[in-house]
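Structural features, examined
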Amino acid sequence: SAVISQKPSRDICQRGTSLTIQCQVDSQVTMMFWYRQQPGQSLTLIATANQGSEATYESGFVIDKFPISRPNLTFSTLTVSNMSPEDSSIYLCSVATGRYGYTFGSGTRLTVV
Amino acid sequence: GENVEQHPSTLSVQEGDSAVIKCTYSDSASNYFPWYKQELGKRPQLIIDIRSNVGEKKDQRIAVTLNKTAKHFSLHITETQPEDSAVYFCAASISGNQFYFGTGTSLTVIP
């Protein structure tokens, strides 16, 4: 299965600032996904990042708040913009590998103060 | 979009007993149903999955059943061990694309 390097692993940010999270995959993948996991909660899909096209956002998530880049088949970034304490969460990237396989990055634990 | 419900939210069992977690889904087009185990502070890890052309799948102490008509699927863990303690998530997907996760079950195995 694919190996995903996600960084930063954690960060503490001031409200009103932005943080960009990076995911690097060791193989080419068509689709990458970004999830949010709030403390003690489930994983919520933010958006699907496709190479060469705009990301597809789930209901409740908008591009202005969570802009995504997908410059090639091995890399994607998610930016959390104009942060507020409610954005404190774990953000995970994931990729589909093999036949329906799904691998997660190690996550970014974001705290907004 | 897909809606996945999961029960119970917490489950405590004695070591050696069985644990059962149940999920329902709403989109009849979903055809892939993985189960993930997440230990504290770690990423979710796939433990077993089932596709819609199969009714049951077993891997050692873990089994999953699927009822497509009723749109529900279940995880069964037998002979539970303390290391099985974790949060378990079910998910539903159409052909391995976007995964929609259940709300999670915190399983505690009491030695």
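Located above this text is the structure these notes cover.
Just so you know, these numbers come straight off a predicted model, no measurement behind them.

About the criteria used
- Residues numbered from 1 in each chain as written.
- Chains lettered and ligands numbered in written order.
- Predicted model: local features only at pLDDT ≥ 70, side-chain atom pairs only at ≥ 80, totals over all residues.
- Heavy atoms only, no water.
- Helix = DSSP H or I, 4+ residues; strand = E, 2+ residues; numbered from the N terminus.
- Rg over C-alpha atoms; globule rule 2.2 N^0.38 Å.
- Buried < 20%, exposed > 50% of the residue type's maximum accessible area, 1.4 Å probe, protein only.
- Contact = heavy atoms within 4.5 Å.
- Areas by Shrake-Rupley, 256 points an atom, 1.4 Å probe, with all protein chains shown as cover.
- Pairing = 2+ DSSP bridges.
- Axes fitted to C-alpha atoms, helices over the stretch in contact; angles between N-to-C directions.
- 1 Å grid on protein atoms, 1.4 Å probe; cavity = no way out; pocket = protein on both sides within 12 Å on 5 of 7 lines; lining within 4 Å.
- Points joined across faces, edges and corners; volume = space filled by probe spheres on them.
- Nonpolar A, V, L, I, M, F, W, Y, C, P; charged D, E, K, R; others polar.
- Buried area = accessible area lost by both parts, 1.4 Å probe.
- Salt bridge = Lys/Arg side-chain N within 4 Å of Asp/Glu carboxyl O.
- Polar contact = N/O pair within 3.5 Å; in protein donor to acceptor, adjacent residues only side chain to side chain.

Observations concerning the overall build of chain B
In terms of regular secondary structure, chain B is built from zero helices and eleven strands. In terms of overall size, chain B behaves like a compact globule, its C-alpha atoms giving a radius of gyration of 13 Å where 111 residues would be expected to give roughly 13 Å. For chain B, the spread of C-alpha atoms along the principal axes amounts to about 40 × 30 × 20 Å. Per-residue burial for chain B yields a buried fraction of 44% across its 111 residues. Relative to all contacts within chain B whose residues are 6 or more apart in sequence, the contacts with residues 24 or more apart total 52%. By element, 47% of the accessible surface of chain B is carried by carbon and sulfur atoms, the whole surface being about 5400 Å².

What about the sheet that holds strand β3 (residues 19-25) of chain A?
What holds strands together in a sheet is hydrogen bonding between their backbones, with the strands either parallel or antiparallel. Residue and element names in this part refer to chain A. If you trace the four strands from one edge of the open sheet to the other, you get β1-β3-β8-β7, paired in antiparallel fashion. A strand with exactly one partner marks an edge of an open sheet, and here the two such strands are β1 (4-7) and β7 (68-72). Across the sheet, the axes of successive neighbouring strands diverge by a mean angle of 15°, strand direction being ignored. By the bridge criterion, four bridges tie β1 to β3 in an arrangement that is antiparallel. If you follow Ser5 over to β3, its bridge partner there is Gln24.

Describing the layout of surface pockets
Taken as a whole, the largest pocket spans an internal volume of roughly 490 Å³. If you go around the largest pocket, you meet 24 residues; those closest to its centre are Gln37(A), Ile90(A), Gln38(B), Leu40(B) and Gly41(B). For the lining of the largest pocket, the elements supplying multiple residues, two or more each, are β9 (89-97) of chain A together with β9 (86-93) and β11 (105-110) of chain B. In this structure, the second largest pocket encloses a volume near 390 Å³. Lining the second largest pocket are 19 residues, and of these Leu43(A), Thr44(A), Leu45(A), Tyr100(B) and Phe101(B) sit closest to its centre. Among the secondary structure elements, those contributing two or more residues to the lining of the second largest pocket are β4 (31-37) and β5 (43-50) of chain A together with β10 (99-101) of chain B. Grouping the amino acids of the lining of the second largest pocket by side-chain chemistry returns eight nonpolar, eight polar and three charged.

Here we look at the pairing of β3(A)
All names here are of chain A. Burial along β3 is one-sided: the face carrying Leu19, Ile21, Cys23 and Val25 is buried and the face carrying Thr20, Gln22 and Gln24 is not. Sheet topology places β3 next to strand β8 (residues 75-80); six bridges connect them, and they run antiparallel. Paired with Thr20 across the bridge in β8 is Thr79.

Overview of the pairing of strand β1 (residues 4-7) of chain B
All names here are of chain B. Judged by which residues are buried, β1 turns out to be one-sided: Val4 and Gln6 face inward and are buried, whereas Glu5 and His7, on the alternate face, are not. Relative to strand β3 (residues 19-25), β1 is paired through four bridges, and the arrangement is antiparallel. Bridged to His7 within β3 is Lys22.

Description of the interface of chain A and chain B
Frequently, the measure chosen for interface size is the accessible area removed from exposure when the parts meet. Listed as interface residues are 20 residues of chain A and, on the opposing side, 18 residues of chain B. Both faces considered, chain A and chain B share a buried interface measuring about 1600 Å² in area, 56% of it formed by carbon and sulfur atoms. The interface formed by chain A and chain B holds zero salt bridges in total. At the boundary of chain A with chain B, the tally comes to seven residue pairs in polar contact (both at pLDDT 80 or more). For the side of chain A that touches chain B, the secondary structure elements donating two or more residues are β4, β5, β9 and β10 (101-104) of chain A. Here the side of chain A that touches chain B gets four residues from one element, more than from any other, and that element is β4(A). For the side of chain A that touches chain B, the per-class residue count stands at eleven nonpolar, six polar and three charged.

Comments concerning the sheet that holds β3(B)
All names here are of chain B. Ordered in space as β1-β3-β8-β7-β6, the five strands form an open sheet in which the pairing is antiparallel. The open sheet terminates on both sides in strands that have one partner only, identified here as β1 and β6 (56-59). Averaged over all pairs of adjacent strands, the angle between their axes in this sheet comes to 15°, without regard to strand direction.

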